[in-house]
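An overview of the molecular structure
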Amino acid sequence: MKEAYAQGLESEAEENAIGDQIKPKDVGHNIYILAHQLARHSKFLQQSLRPPATGLLLSHKIEGEDALGYYANHTAQIEIVRHDRTMEQIVFPVPNICEYLTEESKTRVFTTTERDDQGSKVNDFFTQFDDLYNEMRWQKKIRNNLALFWFSRHISLWGSISFYLAVLVNVAVALFYPFGDDEDEGILPPFVSILLWVALVVCTTMLFILPKPGSVRPFLVSVILRSIYTLGLDPTLLLLGAANLLNKIVFLVSFVGNQGTFTRGYKPVVMDMPFLYHVGYVIVCMLGLFVHEFFYSFLLFDLLNREETLLNVVKSVTRNGRSIVLTAVLALILVYLFSIVGFLFLKDDFRMDVQRLPVMAGEDDGTERVCDTLLMCIVTVLNQGLRNGGGVGDVLRKPSKDDPLFVARVVYDLLFFFIVIIIVLNLIFGVIIDTFADLRSEKQRKEEILKTTCFICGLERDKFDNKTVSFEEHITSEHNMWHYLYFLVLVRVKDPTEYTGPESYVAQMIKVGSW
């Protein structure tokens with residue numbers, strides 16, 4: 001094996017090999033796979049195949065031990081079940097294209113794949129194979145474009161910069177809008193101006209001495225404050241908006257570079273919601289830059305996309321949206337009924353204090369009747385009744401105990417309070433709170449499952465207590481989820497005429513969808 005590996009490194013024929021020319025590395029790899037299977041029956045061979053730690057390599061053995069490390073990293077094993085329900089272990093070489101699968105995609109698939117009734121995630125995992133394989137091909141392709149590859153590799157950095165720039169732009173708008181109204185805009189006391197210059201110098205120095213993400217924020221804040229009072233607010237805001245637009249375009253290019261969006265056809269692009277979201281973000285940046293600064297406020301909703309906890313808060317309302325809407329409809333029906341009763345019997349009690357606009361000359365503040373029509377009754381009960389803690393009775397005329405309809409008013413006020421305020425509104429709040437609690441429990445249970453359950457077979461960690469194979473060894477060697485994906489890639493890229501028996505069997509099972 002080591003001789004074949006060394007020969008492959010030295011031979012230029014490996015890179016220039018065309019046609020059916022056999023590469024020395026492949027010969028060594030086949031020998032390694034054979035030795036790997038024989039090692040199950042020989043502890044000595046099993047020990048010999050283990051690549052030693054880097055610190056233990058001797059100078060004259062580095063090249064040979066590198067061979068073991070290379071073959072170990074490019075060899076995988078899976079288990080398949082035959083028609084007669086016997087299980088068979090397969091050891092195979094990992095195709096080179098599998099190296100281009102990004103860590104972001106691995107994390108996304110690992111955390112979002114759904115479990116089936118047996119606790120396994122195999123079915124949902126394999127349905128994503130085509131997307132993952134296309135991503136590998138695209139990633140291999142963009143390696144030839146160094147600029148696109150560099151931008152794609154730093155996609156998380158561009159996303160963070162976009163969010164921080166959006167926050168800074170909105171802070172500037174909130175503090176200084178409307179621009180130019182103050183006569184002393186852009187003028188600072190000398191002492192404060194000197195402090196800003198000192199802060200800018202210190203933050204710039206820290207940026208070069210400690211090039212960490214934490215030193216970038218103070219630098220940006222000091223530069224923006226100094227530019228506001230040196231260049232003016234409008235030029236600074238224009239520069240920030242242009243920087244945010246340019247950065248988001250870079251992010252979009254990086255996103256397309258990672259996903260290979262346009263290589264999947266027109267329909268997948270239109271249905272790709274993350275891509276459409278980032279396109280919408282670019283459009284909002286352009287509106288804020290060229291139309292009005294207030295459009296920048298919509299960029300703050302990006303926090304929902306960045307924080308899963310905040311997204312669960314929104315989901316607590318949208319997940320059971322039908323229940324909430326139906327309960328709200330019930331509340332509207334009750335408001336309508338109470339409005340009819342008020343219009344028929346308590347019309348004179350619907351008097352409210354009003355404060356008129358100054359332009360309405362000749363009309364004094366005072367009270368006015370708000371239930372002369374049924375529509376006004378509905379609007380008053382809906383607006384005032386739901387917003388007051390005691391119901392609509394808080395804003396109606398305070399009746400005397402000698403009034404003929406005093407008892408009716410008490411019953412009317414109490415019924416509205418108990419039925420609408422206490423029961424119906426709390427039903428809506430209860431649905432939202434229960435949904436949020438369920439989402440939090442699901443998140444905790446999902447995190448627990450990811451840590452303690454095998455992705456492939458669904459066995460839990462405690463099943464491996466006091467066994468010869470630990471749970472960590474099981475999920476990294478016996479049932480490594482990515483080894484199954486790599487085997488599907490091998491079946492996809494290999495010439496069908498060269499299939500082994502297990503590969504032919506798996507290819508047939510893929511055709512019939514029997515995962």
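Cut-offs applied
Residues numbered from 1 in each chain as written. Predicted model: local features only at pLDDT ≥ 70, side-chain atom pairs only at ≥ 80, totals over all residues. Heavy atoms only, no water. Helix = DSSP H or I, 4+ residues; strand = E, 2+ residues; numbered from the N terminus. Buried < 20%, exposed > 50% of the residue type's maximum accessible area, 1.4 Å probe, protein only. Contact = heavy atoms within 4.5 Å. Salt bridge = Lys/Arg side-chain N within 4 Å of Asp/Glu carboxyl O. Phe/Tyr/Trp six-rings, centres within 6.5 Å; stacked < 30°, edge-to-face > 60°. Lys NZ or Arg CZ within 6 Å of the ring centre and 35° of its normal. Axes fitted to C-alpha atoms, helices over the stretch in contact; angles between N-to-C directions. Parallel < 35°, antiparallel > 145°, perpendicular 65-115°, else oblique. Nonpolar A, V, L, I, M, F, W, Y, C, P; charged D, E, K, R; others polar. UniProt positions renumbered as here; feature names shortened; annotations may be inferred. Core = buried A, V, L, I, M, F, W, Y, C linked by side-chain atoms within 4.5 Å. Disulfide = S-S within 2.5 Å. pLDDT = per-residue confidence, 0-100. Pairing = 2+ DSSP bridges. Arc of directions from axis to C-beta. Patch = residues over 30% accessible without salt bridge, like charges linked within 9 Å, V, L, I, M, F, W, Y side chains within 5 Å. Areas by Shrake-Rupley, 256 points an atom, 1.4 Å probe, with all protein chains shown as cover.

1. Section: the overall build of the chain
Helices and strands together make up the secondary structure of the chain, namely 23 helices and 4 strands. Classification of the 515 residues of the chain by burial places 35% in the buried group. Taking as baseline every contact in the chain between residues at least 6 positions apart, the subset at least 24 positions apart corresponds to 61%.

2. Re the pattern of salt bridges
For the coordinates displayed, the defined rule picks out 13 salt bridges. A salt bridge links Asp413 to Arg409; its shortest N-O distance comes to 3.0 Å. Of this pair, Asp413 and Arg409 both sit in helix H20 (residues 406-452), separated by 4 residues, roughly a single helical turn. Note on accessibility: Asp413 and Arg409 belong to one class, buried. Of the charged contacts in the structure, one is a salt bridge between Asp462 and Lys463, with a shortest N-O distance of 3.7 Å. Under the relative-accessibility criterion, Asp462 is labelled partly exposed at 45%.

3. Brief notes about the packing of aromatic side chains
Any two aromatic rings considered together are summarised by their centre-to-centre distance and by the angle between their planes. Per the counting criterion, the structure on display carries 16 aromatic pairs. Between the aromatic rings of Phe338 and Phe416, the centroid separation amounts to 5.1 Å while the plane-to-plane angle is 80°, which identifies the pairing as edge-to-face. Taken together, the residues Phe338 in helix H18 (residues 321-345) and Phe416 in helix H20 connect sequence positions 78 residues apart. One exposure class covers both Phe338 and Phe416, and it is buried. Of the aromatic side chains, those joined through ring pairs into one cluster are Phe110, Phe125, Phe126, Phe455 and Trp482. One cation-aromatic arrangement involves Lys106 over Trp482; the distance from NZ or CZ to the ring centre is 5.6 Å. A cation over an aromatic ring shows up here: Lys248 above the ring of Tyr281, its NZ or CZ 4.2 Å from the ring centre.

4. Focus on the side chain of Thr453
By the element assignment, Thr453 lies in the loop between H20 and helix H21 (471-478). Among the residues examined, Thr453 registers a relative accessible area of 10% and is labelled buried. Once residues lying within four places of it in the same chain are set aside, the contact partners of Thr453 are Arg115, Gly458, Leu459, Glu460 and Phe471.

5. A word on the packing of helix H19 (residues 374-387) against H20
The contact between H19 and H20 brings their axes to 11 Å, and the two run at 70°. If you check the angle between H19 and H20, you find them roughly perpendicular. Across from Val381, Gly385 and Leu386 in H19, the residues of H20 making contact are Tyr412, Phe416, Val420, Ile421 and Leu425. When grouped by side-chain class, the residues that make up the contact of H19 with H20 number 7 nonpolar, 1 polar and no charged.

6. Focus: the UniProt feature "transmembrane region" (unreviewed entry) in the chain
With numbering aligned to this structure, UniProt lists the feature "transmembrane region" (unreviewed entry) at residues 155-179, 191-210, 231-255, 275-304, 324-346 and 414-437. Secondary structure content for residues 231-255 is 92% helix and 0% strand, while the C-alpha to C-alpha distance between its ends is 34 Å. For residues 275-304, the end-to-end C-alpha separation is 16 Å, with 63% helix and 0% strand making up the annotated structure.

7. Let's talk about unusual backbone geometry
Positive phi outside glycine occurs at Arg85, with the angle close to 70°. Within the element layout of this structure, Arg85 appears in the loop between strand S1 (75-81) and strand S2 (87-93).

8. Focus on the nonpolar core
Phe125, Trp482, Leu485 and Phe487 are the most contacted members of the largest nonpolar core, which totals 35 residues. Those elements that provide at least two residues to this core are S1, S2, helix H7 (122-127), helix H8 (129-142), helix H22 (481-493) and helix H23 (501-512). Ranked by residues supplied to this core, first place goes to H22 with 10 residues. Aside from chain neighbours lying at most four places away, what touches Phe125 is Val109, Thr113, Phe455, Met481, Trp482 and Leu485. Residues Trp158, Ile224, Leu237 and Phe251 belong to the second largest nonpolar core, which totals 27 residues.

9. Quick look at the state of the cysteines
On inspection of all chains with the given rule, the structure shows 1 disulfide. For Cys454, which is in no disulfide, the shortest distance to another cysteine sulfur is to Cys457 and amounts to 3.5 Å. Since its relative accessible area comes to 1%, Cys454 is described here as buried.

10. Describing the environment of Leu415
Following the sequence through the fold, Leu415 ends up in helix H20. What makes Leu415 partly exposed here is its relative accessible area of 41%. Along the sequence, Leu415 and Gly391 sit 24 residues apart, while their C-alpha atoms lie 9.4 Å from each other.

11. So, the confidence of the model for the chain
For the chain, per-residue confidence averages 80 on the pLDDT scale, and residues scoring 70 or more make up 86% of the total. Considering only residues more than four positions removed or in separate chains, one finds that residues 55-61, a stretch of pLDDT under 50, has 3 contacts.

12. Focus: the pairing of strand S3 (residues 351-354)
For a regular strand, side chains alternate in direction, first toward one face of the sheet and then toward the other. Only one face of S3 is covered, namely the one carrying Met352 and Val354; the face carrying Arg351 and Asp353 has none of its residues buried. Note that S3 and strand S4 (residues 366-369) share 4 bridges and pair antiparallel. Bridged to Arg351 within S4 is Arg369.

13. Thoughts on helix H6 (residues 103-112)
Residues Ser105, Lys106 and Val109 constitute the buried set of H6. For H6, the angular spread of buried residues about the axis comes to 100°, placing them on one side. Looking at the packing, one finds that the buried side of H6 touches H7, H8 and H22.

14. Some points on a nonpolar patch on the surface
The grouping of Val407, Val410, Val411, Leu414, Leu415, Phe418, Ile419, Ile422, Ile423 and Leu427 at the surface amounts to a nonpolar patch, some 820 Å² of accessible area in total. By the element assignment, Val410 lies in helix H20.

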